[in-house]
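Examination of the molecular architecture
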Amino acid sequence: MGFAKEFLPEYTVEDYQKWEGDWELIKGIPYAMAPSPLGIHQKIVMELGRQIANQLDSCTKKCYVYPELDWIVDENTVLRPDLIVICKEIREYLKETPEVVVEVVSKSTAQKDEYLKFSIYEKEKVPFYILVYPDIKKVRVFQLVEREYDKYFDGEDGILEIHLKNGCSFKIDVEKLF
């Protein structure tokens, strides 16, 4: 395996920006995005974005919700989370750690979302990582505690409350997502 790995190409952000189609670049390896998301996936992303953005409007420090924005983590990694929250306006691409990352998990993305992206978001110190599972109507949230994620919420209903570092907060009515 080590021998074969020596001959694999390692791509960069510069390469990534020339590609057609939907890709993510993780540690120099291209990952094709799943085909166009299903209606339930898009409904959840929109509902989450609506709930969060409506509440952040009243926050004194401006925070924003962005769907499917490229996050250039480093020269060899570009991720495209389903939704992010950051307390800064982004004109082009995200180049710093967001406050919250949301991934809507499907069968085709589960391993990447639950393991690969989980470890990258943890390493990059994303304070909250939210995984939404449409198939089982469940939400799991991990909060960064020191340098590791700790399970913060795991349920099918209820109100999930997220407190951002700048003092802003928002609540998610989990049942309304599904």
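You'll find the structure just up there.
First, a word on scope: everything that follows refers to the structure included in this document. Every chain begins its residue count from 1, and numbering advances along the sequence as written. Note on the predicted model: pLDDT of at least 70 is required for a residue's local features to be given, and 80 or more for side-chain atom pairs to be given and counted; whole-chain, interface and lining totals, by contrast, use all residues. Water and hydrogen atoms were dropped before computing side-chain values, which therefore reflect all heavy atoms in the structure.

1. A closer look at the side chain of Lys 117
For clarity, the threshold we go by: Strands are runs of DSSP state E lasting at least two residues, helices are runs of H or I lasting at least four, and both sets are numbered from the N terminus onward. Residue contacts are counted whenever heavy atoms from the two residues lie within 4.5 Å of one another.
With respect to the element layout, Lys 117 can be found in helix 4 (residues 110–123). Those residues in contact with Lys 117 that sit more than four places away from it in its chain are Glu 24, Leu 79, Arg 80, Glu 103, Lys 112 and Tyr 129.

2. Some thoughts on the state of the cysteines
Just so we agree on the cut-off: Throughout, a disulfide means two cysteine sulfur atoms within 2.5 Å of one another. Only protein chains enter the accessibility calculation, which uses a 1.4 Å probe; a residue whose area is less than 20% of its type maximum is buried, one above 50% is exposed, and one in between is partly exposed.
With the rule as written, the count across this model stands at two disulfides. Linked covalently through their sulfurs, Cys 59 and Cys 168 form a disulfide whose S-S length is 1.3 Å. Here Cys 59, found in the loop between helix 3 (39–56) and strand 3 (64–67), pairs with Cys 168, found in the loop between strand 11 (159–163) and strand 12 (169–173); they are 109 residues apart in sequence, far enough to count as distant. Between the sulfur atoms of Cys 63 and its disulfide mate Cys 87 the distance is 2.0 Å. Across the S-S bond of Cys 63 and Cys 87 the torsion is about 90°, and the bridge reads as right-handed. Within this pair, whereas Cys 63 is found in the loop between helix 3 and strand 3, its partner Cys 87 is found in the loop between strand 6 (83–86) and strand 7 (100–104), the two being separated by 24 residues in sequence. Summarising the burial analysis for this pair, Cys 63 and Cys 87 share the class buried. The cystine pairing of the protein, numbering bonded cysteines in sequence order, is 1-4, 2-3.

3. Quick look at the pairing of strand 7
Where we set the bar: Paired strands, in this sense, are two strands between which DSSP finds at least two bridges.
Of all five residues in strand 7, five are buried, a share of seventy percent or more. Judged by which residues are buried, strand 7 turns out to be covered on both faces: Val 100, Val 102 and Val 104 on one side and Val 101 and Glu 103 on the other are all buried. Here three bridges tie strand 6 to strand 7, and the two strands are oriented antiparallel to one another. Among the inter-strand pairings, Ile 84 is bridged to a residue of strand 7, identified as Val 101. Both strand 7 and strand 8 (residues 128–133) contribute to a ladder of five bridges, which runs parallel.

4. Side note on unusual backbone geometry
With a phi close to 50°, Lys 137 is a non-glycine residue in the positive phi region. With respect to the helices and strands, the residue Lys 137 is situated in the loop between strand 8 and strand 9 (138–145). The backbone of Glu 146 sits at a positive phi, close to 60°, despite the residue not being glycine. Following the sequence through the fold, Glu 146 ends up in the loop between strand 9 and strand 10 (148–155).

From the geometry alone we can't say anything about function, so treat these as descriptive.
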